[in-house]
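Okay, here's what each chain looks like letter by letter:
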Amino acid sequence: MITREEIVNILQGITHPESGKNIVEGGILQEVTVGEGGKIHLTLVFRRRRDPFAKSVATRAKLAIEAAEAEAQVEILIREGEEAPKPRQHEGMKDVKNIVAVASGKGGVGKSTVTANLAVELHKMGYKVGVLDADIYGPSQPKLFGVEDFEPWAEQVDGLDYIAPAESEGIKINSIGFYIGREDALVWRGPMATNALKQLINQTLWGELDFLLIDMPPGTGDVQISIAENLSLAGAVIVSTPQKVATADVVRGMKMFEAEGIGVPVLGVVENMAFFSPAELPDHRYYIFGRGGARQMAESAGVDFLGEIPLIQAIAENSDAGTPIALGSSEEEKYYAEICRKIVEKLMK
Ligand code: ADP
C-alpha cells in the first residue's frame, strides 16, 4: 500500500500553473492522511477565493496518485480563500558550515573512496565531519565505513521527524543506500530522486558540522544539476583518473558547477589512480592510465590541482574492509592529507 511519504513525493511533481511552485513547497497541500483500507484524503488550500486552477490541480494530484497505485481511492477537499499556514521546514542543515560536493565525470574513478578518506582526514584535523552518500547509482559509503547494517531511525525535534545518521570513526553518515534496494536506482527518474535526496539532506540530524561531504552521483544529469542548484554548496571537488576518456567528462562536470544560476566554485581536481608502484619496487612508477592527464586538464581549464593519489592495493583492500586507509598512519594517508589541507585553506580563510 502506498505510504504518506510516497504520496507527498508524488505530489511534489504537481505544480500550480500560476506560481510555478509544486503544491508541497507552495503550501497548497495541507493534509495527507491514509486511512483504514487505504483511503487517501488530501486537503488542498488555495489562497484566492476563486482559484481558477484549483480543480485542475486537484485532478492532476488524484491522477498522479492513481498512476502510482491503480487501486487508490483518493478524496480531495478543496478549501479556497484561506491563507495556508506556511509548511514548517526541516532544518537539519542549519548548523552545517561547509557543504562540499565530491563529483566525477563518470563512475569507477574512485570518487567514493576519495570522499571517505577526505572525511577521515578532515576529522583527524579536528573538524566535525559528515558524509552524505547521494550516489543513487551505486551508494558505497555504508560499506566504506562498515555500517551496511545500520537501520536509520526517526527522532522528533519540535514536532518534526528527523533521521538520526549512522556514525563511524566520529563521522556522521547518511546514505541513500540505507533506503533503496540495489535495483531501485534504475527506475528512479529525475524529480523523484531529487526529492528523496533533498529530504535526506534536510531531514538528517547532522547537528554541528564543519564539513558535510556529498558523494555525488557520477555525471551531469538532472539529479546532479538539481543538487548543485538547491544546496548552498561551498564548493566542488572533482575526481578523475588521468585517462583521456575520463577527463573529457570532467570538463562537462566542472562547467555544470560553474554555470550561470548555479555558481558553485570548483575547488580543484584530484587525480586518482595517478600511477602504480608495486610494493617490491616502491621507487618505480607505472603510469597505467597515462601521465598527468587530470593535472593538465585542470591547468587548461584554469582550475586548481589539489593532488594525486596512486593506485595502491592497500587503498582498495582497506575500502573493502570498511576501514578507509586514512584512518591509519600510512604512506598513503599523506596524499589525502595534502588534498585536505588545500581544501581547508580555500574554505576556511
Ligand atoms: P566511484 O565512486 O568513482 O564509482 P569507487 O570509489 O567506488 O569509485 O572506486 C572504484 C574501485 O576502485 C573500488 O574498488 C575502489 O576500492 C578502487 N579504488 C579507488 N581508488 C583507488 C586507489 N587509489 N587505489 C586502488 N584502488 C582504488
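**Comments concerning the overall build of the protein**
When helices and strands are counted, the protein shows eleven helices and 13 strands. Scaling as 2.2 N^0.38, a compact globule of 349 residues should have a C-alpha radius of gyration of about 20 Å, and the protein matches this with 23 Å. Viewed in the frame of its principal axes, the protein has a C-alpha envelope of about 75 × 40 × 40 Å. Split into buried and exposed, the 349 residues of the protein put 49% on the buried side. Pairs at least 24 apart in sequence give 75% of the contacts found in the protein among residues at least 6 apart. Split by element, the accessible area of the protein, about 17,300 Å² in all, is 49% carbon and sulfur. Distance between charge centres in the protein, computed from 35 positive and 50 negative side chains, equals 7 Å.

**Overview of the site of the ligand**
Around the ligand there are 16 residues in total, and Gly108, Lys111, Ser112, Thr113 and Pro310 lie nearest to it. Between the ligand and glycine 108 there is a distance of 2.8 Å, counted from an oxygen atom to a backbone nitrogen or oxygen. Residue lysine 111 places a main-chain N or O atom 2.8 Å away from an oxygen atom belonging to the ligand. Burial of the ligand by the protein amounts to 77% of the accessible area it has alone, namely 560 Å². Counting residues per element, the ones that place at least two in the shell around the ligand are helix H3 (111–124), strand E12 (266–276), strand E13 (305–311) and helix H10 (313–320).

**Some points on the confidence of the model for the protein**
In the predicted model, the protein carries a mean pLDDT of 90, and 95% of its residues have values of at least 70. Confidence, expressed as mean pLDDT per element, reaches its minimum in the protein at helix H5 (residues 184–187) with 56 and its maximum at H3 with 98.

**A word on the side chain of asparagine 117**
With respect to the helices and strands, asparagine 117 occurs in helix H3. A residue is classified by how much of its surface remains accessible, and asparagine 117, at 1% relative accessible area, is buried. A polar contact is formed between the side chain of asparagine 117 and the backbone nitrogen of isoleucine 325, at a distance of 3.1 Å. Ignoring any residue separated from it by four or fewer positions in sequence, one finds asparagine 117 in contact with Pro324, Ile325, Ala326 and Tyr336.

**Considerations on the packing of aromatic side chains**
Considering all chains together, one arrives at five aromatic pairs under this definition. For the ring pair tyrosine 127 and phenylalanine 211, a centre distance of 5.3 Å and an interplane angle of 90° mean the geometry is edge-to-face. Of this pair, tyrosine 127 sits in the loop between H3 and strand E5 (129–133) while phenylalanine 211 sits in strand E10 (residues 209–215), and the two are 84 residues apart along the sequence. On the basis of an interplanar angle of 75° and a centroid distance of 6.4 Å, the ring pair of phenylalanine 178 and tyrosine 179 is categorised as edge-to-face. Classification of phenylalanine 178 as buried rests on a relative accessible area of 14%. The partly exposed category is assigned to tyrosine 179, whose relative accessible area is 37%.

**What about unusual backbone geometry?**
Trans is the prevailing form of peptide bonds, just as negative phi is the prevailing case for residues other than glycine. In this structure, glutamate 169 takes a positive phi of about 55° despite not being glycine. For glutamate 169, the location among the structural elements is in the loop between strand E8 (166–168) and strand E9 (171–175). With relative accessibility at 44%, the residue glutamate 169 sits in the partly exposed group. Its identity as a non-glycine residue notwithstanding, methionine 273 has a phi of 60°, on the positive side. The topology assignment puts methionine 273 in strand E12.

**Quick word on the domain arrangement of the protein**
Interface size is commonly expressed as the accessible surface area that is lost when the partners come together. The assigned domain composition of the protein is domain 1 (4–80) and domain 2 (91–348). Of note, the centres of domain 1 and domain 2, computed from C-alpha atoms alone, are 36 Å apart. Tallying the contact residues gives four residues for domain 1 and five residues for domain 2. If you look at where domain 1 meets domain 2, you find one salt bridge. A salt bridge links lysine 198 to glutamate 25, with the shortest nitrogen-to-oxygen separation between them at 3.5 Å. For the pair domain 1 and domain 2, the interface holds one residue pair in polar contact (both at pLDDT 80 or more).

**Quick notes on the nonpolar core**
The tendency in soluble globular proteins is for nonpolar side chains to be buried as a group. In this structure, Ile214, Leu233 and Phe257 are the most contacted members of the largest nonpolar core, which totals 41 residues. A total of five residues in this core trace back to one element, the largest contributor, which is helix H6 (residues 190–203). Those residues in contact with leucine 233, other than ones at most four positions away along the chain, are Ile99, Ala101, Ile214, Ala228, Phe257 and Val264. Counting residues in hydrophobic clusters, the runner-up holds 39 residues, among them Ala116, Leu122, Phe211 and Ile325.

**Focus on the packing of H3 against helix H11 (residues 333–348)**
At a closest axis distance of 9 Å, the pairing of H3 and H11 adopts a crossing angle of 75°. For the element pair H3 / H11, the angle class is roughly perpendicular. Here H3 contributes Thr113, Val114, Asn117, Leu118, Glu121, Leu122 and Lys124 to the contact with H11, which in turn contributes Glu333, Tyr336, Ala337, Ile339, Cys340, Ile343 and Val344. Here the residues of the contact of H3 with H11 are counted per class, giving nine nonpolar, two polar and three charged.

**Focus: the environment of arginine 48**
Relative to the assigned elements, arginine 48 resides in the loop between strand E2 (39–46) and helix H2 (54–68). Here arginine 48 falls in the partly exposed class, since its relative accessible area comes to 39%. Measuring from C-alpha to C-alpha, the distance between arginine 48 and threonine 247 comes to 52 Å, with 199 residues separating the pair along the chain. In this structure, arginine 48 is in contact with Glu18, Glu80 and Gly81, ignoring residues within four places of it in sequence. Among the polar contacts made by the side chain of arginine 48, one reaches the side chain of glutamate 18 at a distance of 2.7 Å.

About the criteria used
Residues numbered from 1 in each chain as written. Predicted model: local features only at pLDDT ≥ 70, side-chain atom pairs only at ≥ 80, totals over all residues. Heavy atoms only, no water. Helix = DSSP H or I, 4+ residues; strand = E, 2+ residues; numbered from the N terminus. Rg over C-alpha atoms; globule rule 2.2 N^0.38 Å. Buried < 20%, exposed > 50% of the residue type's maximum accessible area, 1.4 Å probe, protein only. Contact = heavy atoms within 4.5 Å. Areas by Shrake-Rupley, 256 points an atom, 1.4 Å probe, with all protein chains shown as cover. Lys, Arg positive; Asp, Glu negative; His and termini not counted. Charge placed at Lys NZ, Arg CZ, Asp CG, Glu CD. Near = heavy atom within 4 Å. Polar contact = N/O pair within 3.5 Å; in protein donor to acceptor, adjacent residues only side chain to side chain. pLDDT = per-residue confidence, 0-100. Phe/Tyr/Trp six-rings, centres within 6.5 Å; stacked < 30°, edge-to-face > 60°. Domains from an automatic or database assignment. Salt bridge = Lys/Arg side-chain N within 4 Å of Asp/Glu carboxyl O. Core = buried A, V, L, I, M, F, W, Y, C linked by side-chain atoms within 4.5 Å. Axes fitted to C-alpha atoms, helices over the stretch in contact; angles between N-to-C directions. Parallel < 35°, antiparallel > 145°, perpendicular 65-115°, else oblique. Nonpolar A, V, L, I, M, F, W, Y, C, P; charged D, E, K, R; others polar.

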